[in-house]
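# Inside the fold
Each chain is listed here by its residues.
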Amino acid sequence: MTAPISRSTAQLPVTVRVFTQRLSSTPRGARLARRLTLNQLHSWGIPYGSDVSDAVGAIVAELAANAVTHGRVPGRDFALRLALVPGRVQVEVADSRSGPPRPPAPDAVRPPRPLDEHGRGFVLVDALADRWEVLDREPPGKTVRAEVDLPEWIDVPGSK
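Here we summarise the structure given alongside this text. (Residues numbered from 1 in each chain as written. Predicted model: local features only at pLDDT ≥ 70, side-chain atom pairs only at ≥ 80, totals over all residues. Heavy atoms only, no water.)

Our focus in this paragraph is the overall build of the protein. Each helix and strand counted, the protein has 3 helices and 5 strands in total. Along the protein, helices (α) and strands (β) appear in the sequence β-α-α-β-β-α-β-β when read from the amino end. Relative to its 160 residues, the protein shows a buried fraction of 42%. Long-range pairs, those at least 24 residues apart, make up 67% of the contacts in the protein between residues at least 6 apart in sequence. Surface exposure of the protein reaches about 8900 Å², of which carbon and sulfur atoms provide 53%. (Helix = DSSP H or I, 4+ residues; strand = E, 2+ residues; numbered from the N terminus. Buried < 20%, exposed > 50% of the residue type's maximum accessible area, 1.4 Å probe, protein only. Contact = heavy atoms within 4.5 Å. Areas by Shrake-Rupley, 256 points an atom, 1.4 Å probe, with all protein chains shown as cover.)

Laid out in structure tokens, this is it:
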């Protein structure tokens, strides 16, 4: 299980690179979010097919699918934000729905029963992310933030 991101014990990181994009709250928008993520990571020096690229791509795919399925508000987009900060990649997916259904907290994720048709997305996020959390945002809505640590072999200029 992953731990929530703690602001009290860590200093705020210095952002090296940031990518933001608003996408339509449709299945096409969710697919595009994953493709844009993989392309952006590659342009930052995190190669296609690496463990980090695959993990971040899967996390974005799950969070974007949840945003368009459960967080959709007609006429409103969802937002994708990627940040390359020292030693890690930070992902944020924000939607406009503030009421139920609400994503579980990191310590409340439970595997679904074998015949359940839903409920595997946050199990996957919990397994792939080193840290993640759900935040309320203004205007109404929520943001799911996840972080994946970079291994030592990925040498991104200015990221350490």
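Moving on: the packing of helix α1 (residues 27-43) against helix α2 (residues 51-69). Axis separation between α1 and α2 bottoms out at 9 Å; the angle between their running directions is 155°. Relative to α2, the element α1 is oriented roughly antiparallel. The chirality of how α1 crosses α2 is right-handed. Here α1 contributes Pro 27, Ala 30, Ala 33, Arg 34, Thr 37, Leu 38 and Leu 41 to the contact with α2, which in turn contributes Ser 53, Val 56, Gly 57, Val 60, Ala 61, Ala 64, Ala 65 and Val 68. (Axes fitted to C-alpha atoms, helices over the stretch in contact; angles between N-to-C directions. Parallel < 35°, antiparallel > 145°, perpendicular 65-115°, else oblique. Left-handed = near helix turned anticlockwise from the far one by under 90°.)

Moving on, we get to the sheet that holds strand β2 (residues 78-85). Here 5 strands make up an open sheet; going across it, the order is β1-β2-β3-β5-β4 and the pairing antiparallel. Of all the strands in the sheet, just β1 (17-23) and β4 (131-136) have a single pairing partner and so form its edges. Each adjacent strand pair in this sheet contributes to an overall mean axis angle of 15°, direction not counted. Of the strand pairs in this sheet, strand β3 (residues 88-95) and strand β5 (residues 142-149) are connected by 8 bridges, and their pairing is antiparallel. Within β5, the position partnered with Ala 94 by the bridge is Thr 143. (Pairing = 2+ DSSP bridges.)

Right, let's get into the nonpolar core. Val 56, Leu 63, Phe 78, Leu 80, Val 89, Val 91 and Trp 132 are the most contacted members of the largest nonpolar core, which has 31 residues in total. Those elements that provide at least two residues to this core are β1, α1, α2, β2, β3, α3 (121-128), β4 and β5. Looking at this core element by element, the count peaks at 8 residues for α2. (Core = buried A, V, L, I, M, F, W, Y, C linked by side-chain atoms within 4.5 Å.)

The subject of this paragraph is α3. Restricting attention to buried positions, one finds in α3 the residues Gly 121, Phe 122, Val 125 and Asp 126. The buried residues of α3 all sit within an arc of 130° when viewed along its axis, so they share a single face. Those residues of α3 hidden inside the fold are in contact with α2, β4 and β5. (Arc of directions from axis to C-beta.)

Before going further, it helps to spend a moment on the pairing of β5. Burial analysis of β5 places 7 of its 8 residues in the buried class, the great majority of the element. Where β4 lies against β5, 6 bridges are found, and the strand directions are antiparallel. Paired with Trp 132 across the strands is Ala 146, a residue of β5. Counted between consecutive antiparallel strands, the loop separating β4 from β5 contains 5 residues, among which Gly 141 sits at a positive phi close to 150°.

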